[in-house]
Amino acid sequence: MLVRGAKLHDSSFAALHSLGADYVRYVPWLPYPRQAVAELSEPVNGKTSWDFTHIDPTLDDFMKATEGHSVILNFSTMPAWMFKTDKPVTFPDDPNQVFWNYTQGTELRDPTMKEAADYYARLLSWYTKGGFTDEVGKRHESGHHYKVAYWEVLNEIDFEHHWTPQQYTKFYDAVTVAMRKIDPDIRFMAMALANPSKSPAMFEYFLNPANHQAGVPLDFITYHFYAASTPDQTISNWQYNFFDQAEGFLNTVRFVEEIRKRYSPSTKTDLNELGVILPEDGKEIRQPRYVAKSEPAGYWNLASALYAHLYVELTKLGIDVVGESQLVGYKSQFPSVSMMNYETGDPNPRFWILKLLKDNFGPGDQLVETTLDSPNVTVQGFVTKDGKKLLAINKRDRPQDLELPPDAAGSRVSLVAPSSKDHVAIEVRLEGKTLHLESFEVAVVRWK
């Protein structure tokens, strides 16, 4: 749906461009091997299979849409032939056919990991140095001279290939050493763990500089959180258990932060996949020909409110980057995680809440002690370069009223709520000092 001519291509890249965000993460991923892997067959008899035909157009459009902002590239899907498998991994000829079984094997065929490290060095050279020389000495010209600020080394390593801490740390070192020879200024992100609460050993081992080669940079660690539910639950349950799960994740973050500060305090943190995955999405993957039921009314605003709540709490914890996942989802590709309405092509409330937060808050803002005696609403005051602001988040599927201080009377409010639908935040002015919040509304009050 992001290839040129596809239904969501134009509107998605237009939305990304209008957002103007930094740390935008691009991950060509395993369900589409021909759009994610640049060398699908191993070199044989002096010939290689390097082919960017189905990879470059979408990445070129991504780089154009994010021009002037920092990006994170992560070619997380490695060539299957680099791993030891019982038999060669086959995959569809159609580059647009979904295929979930490409990622196989847990042990690289080259124990030195040089083969894989060279693959990534050539990818970086293709996109930043105009091309590369392949394994048999042939030059491949790309014409690309992009600025890639960050490279994330693999994705969800606890799920994909099931790396041990020792294996992954050795791999990270090999890859980063090879890639820094291409670009000494590039910085790296590591791990992208799917289940950080179940991976304490990974954090303990990887963040310890003693386990790395001398001089290997530990710039960023990354990990993920998705709220989830059981099939018998509905939005009446989700409005509570999503936020309860968020509290569990925040406790994980606190523990990870203590490990990071103990071993590598200069390393930063990017929580670059935050969202919700509904059970219907998994059914599509597990059950052939099953089509997920559409998300219920109110879901997109609930998911938006959850991200805004996490934004507040992670800001309090000093997390450097808080990334919302994902820009484009659609049937067969985790539709409940989308920030675009995959039926109409319009940005949905998850996109508009991200833009609301990005446009109103940022580095250098000061947090103000803010109290509210209610478990149903999250509030946080900020002193920004544009003045005082209050972020208010209704966590419940019912209206809430907040009584603000007297000097808030007549303040301007920007809000994303059911009434704003798939549109930019609504601008209103307070009548008096009562802030009326719709179900799952997120509002920014600009103080006098």
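Everything below is about the structure shown above.
Residues numbered from 1 in each chain as written. Predicted model: local features only at pLDDT ≥ 70, side-chain atom pairs only at ≥ 80, totals over all residues. Heavy atoms only, no water.

**Q** I'd like a rundown of the packing of aromatic side chains, residues and numbers included.
**A** Tallied over the entire structure, the rule returns 36 aromatic pairs. Between F83 and W163 the ring centres are 6.3 Å apart and the planes differ by 80°, which places this aromatic pair in the edge-to-face class. Linking F83 in the loop between β2 (71-73) and α3 (114-128) with W163 in the loop between β5 (150-153) and α4 (165-182), this pair joins segments that are 80 residues apart in sequence. What makes W163 buried here is its relative accessible area of 9%. It is K389 that lies over the ring of F361; its NZ or CZ is 6.0 Å from the centre. Between the NZ or CZ atom of K395 and the centre of the ring of F243, over which it lies, the distance is 5.5 Å. (Phe/Tyr/Trp six-rings, centres within 6.5 Å; stacked < 30°, edge-to-face > 60°. Helix = DSSP H or I, 4+ residues; strand = E, 2+ residues; numbered from the N terminus. Buried < 20%, exposed > 50% of the residue type's maximum accessible area, 1.4 Å probe, protein only. Lys NZ or Arg CZ within 6 Å of the ring centre and 35° of its normal.)

**Q** Now, about the pattern of salt bridges: what can you tell me, with residues and values included?
**A** All told, the structure shown has 19 salt bridges when counted by the stated rule. Residue D359 is joined to K358 by a salt bridge in which the shortest nitrogen-to-oxygen separation is 3.8 Å. Owing to a relative accessible area of 37%, K358 belongs among the partly exposed residues under this scheme. Residues joined by salt bridges that share partners form a network here, namely R25, E152 and E273. (Salt bridge = Lys/Arg side-chain N within 4 Å of Asp/Glu carboxyl O.)

**Q** Provide a residue-level description of a positive patch on the surface, including the pertinent values.
**A** On the surface, K129, K147, R187 and K268 cluster together to form a positively charged patch. Residue classification places K129 among the partly exposed positions, given a relative accessible area of 41%. (Patch = residues over 30% accessible without salt bridge, like charges linked within 9 Å, V, L, I, M, F, W, Y side chains within 5 Å. Areas by Shrake-Rupley, 256 points an atom, 1.4 Å probe, with all protein chains shown as cover. Lys, Arg positive; Asp, Glu negative; His and termini not counted. Charge placed at Lys NZ, Arg CZ, Asp CG, Glu CD.)

**Q** A description of the packing of helix α1 (residues 9-19) against helix α9 (residues 349-360) should follow, citing residues and the corresponding values.
**A** At their nearest, the axes of α1 and α9 sit 10 Å apart, and the two run at 15° to each other. In terms of orientation, α1 and α9 fall into the roughly parallel class. The handedness of the crossing between α1 and α9 comes out as right-handed. Each of A15, S18 and L19 in α1 lies in contact with α9, whose residues at this interface are F351, L354, K355 and K358. Among the residues making up the contact of α1 with α9, the classes are represented as four nonpolar, one polar and two charged. (Axes fitted to C-alpha atoms, helices over the stretch in contact; angles between N-to-C directions. Parallel < 35°, antiparallel > 145°, perpendicular 65-115°, else oblique. Left-handed = near helix turned anticlockwise from the far one by under 90°. Contact = heavy atoms within 4.5 Å. Nonpolar A, V, L, I, M, F, W, Y, C, P; charged D, E, K, R; others polar.)

**Q** Tell me about unusual backbone geometry, residues and numbers included.
**A** Following S325, the chain continues to Q326 via a peptide bond in cis, the omega torsion being 0°. Here Q326 lies in the loop between β9 (321-324) and α9.

**Q** Explain the side chain of N155 residue by residue, including any values.
**A** Mapped onto the elements, N155 comes out in the loop between β5 and α4. Residue classification places N155 among the buried positions, given a relative accessible area of 4%. In terms of polar contacts, N155 uses its side chain to reach the side chain of E160, at 3.3 Å. Each residue touching N155, except ones within four places of it in the same chain, is listed here: R25, W29, N74, S76, E160, M191, A192, H224 and E273. (Polar contact = N/O pair within 3.5 Å; in protein donor to acceptor, adjacent residues only side chain to side chain.)

**Q** Lay out the environment of I55 in plain terms, naming residues and giving numbers.
**A** Inspection of the secondary structure assignment puts I55 in the loop between β1 (24-26) and α2 (56-65). C-alpha separation for the pair I55 and Q35, spaced 20 residues apart in sequence, amounts to 4.7 Å.

**Q** Residues and numbers for the side chain of N74, please.
**A** Locating N74 in the fold gives a position in the loop between β2 and α3. Look at N74 and you get buried, because its relative accessible area is 0%. Looking at N74, its side chain comes within polar contact range of the side chain of E152, at 2.9 Å. With near-sequence residues (within four places) excluded, N74 lies in contact with R25, Y26, V27, P28, E152, L154 and N155.

**Q** Can you break down the environment of I221 residue by residue, with the values?
**A** Tracing the backbone through its elements, the reader meets I221 in strand β7 (residues 220-227). Using a relative accessible area of 0% as the deciding quantity, one classes I221 as buried. Taking the C-alpha atoms as reference points, I221 and Q245, separated by 24 residues in sequence, lie 22 Å from one another. Those residues in contact with I221 that lie beyond four places of it in its chain are A190, M191, F203, F206, L207, V256, R260, T267, K268, T269 and D270.

**Q** Which residues make up the sheet that holds strand β12 (residues 387-394), and what values go with them?
**A** Pairing within the open sheet is antiparallel, and its six strands lie in the order β10-β11-β12-β17-β14-β15. A strand with exactly one partner marks an edge of an open sheet, and here the two such strands are β10 (366-368) and β15 (426-429). Each strand of the sheet is rotated relative to its neighbour by a mean of 25°, with strand direction disregarded. (Pairing = 2+ DSSP bridges.)

**Q** I'd love a proper account of the layout of surface pockets, names of residues and values included.
**A** Quantified by volume, the second largest pocket comes out at close to 310 Å³. Among the elements of the structure, β11 (377-384), β12 and β13 (400-403) are those that each provide at least two residues to the lining of the second largest pocket. The biggest single contributor to the lining of the second largest pocket is β11, with four residues. (1 Å grid on protein atoms, 1.4 Å probe; cavity = no way out; pocket = protein on both sides within 12 Å on 5 of 7 lines; lining within 4 Å. Points joined across faces, edges and corners; volume = space filled by probe spheres on them.)

**Q** Explain empty space enclosed by the protein to me, and be specific about the residues and the numbers.
**A** Over the atoms rolls a probe the size of a water molecule, and in doing so it shows where empty space is left. Throughout the structure, instances matching the rule amount to one cavity of 30 Å³ or more. What the largest cavity holds in volume is close to 30 Å³. As for the largest cavity, its lining consists of S76, L154, N155, E160, H161 and W163. For the lining of the largest cavity, the class distribution of residues is two nonpolar, three polar and one charged.

**Q** Talk me through the packing of α3 against α4; I want residue IDs and the actual numbers.
**A** Two numbers describe how α3 lies on α4: the axes approach to 8 Å, and their chain directions differ by 35°. Pair α3 / α4 crosses with right-handed handedness. Within the contact between the two elements, α3 uses A116, A117, Y120, A121, L124, S125 and T128 and α4 uses F171, A174, V175, A178, M179 and I182. In terms of residue class, the contact of α3 with α4 is made up of eleven nonpolar, two polar and no charged.

None of the figures reported here should be taken as evidence of function without further support.
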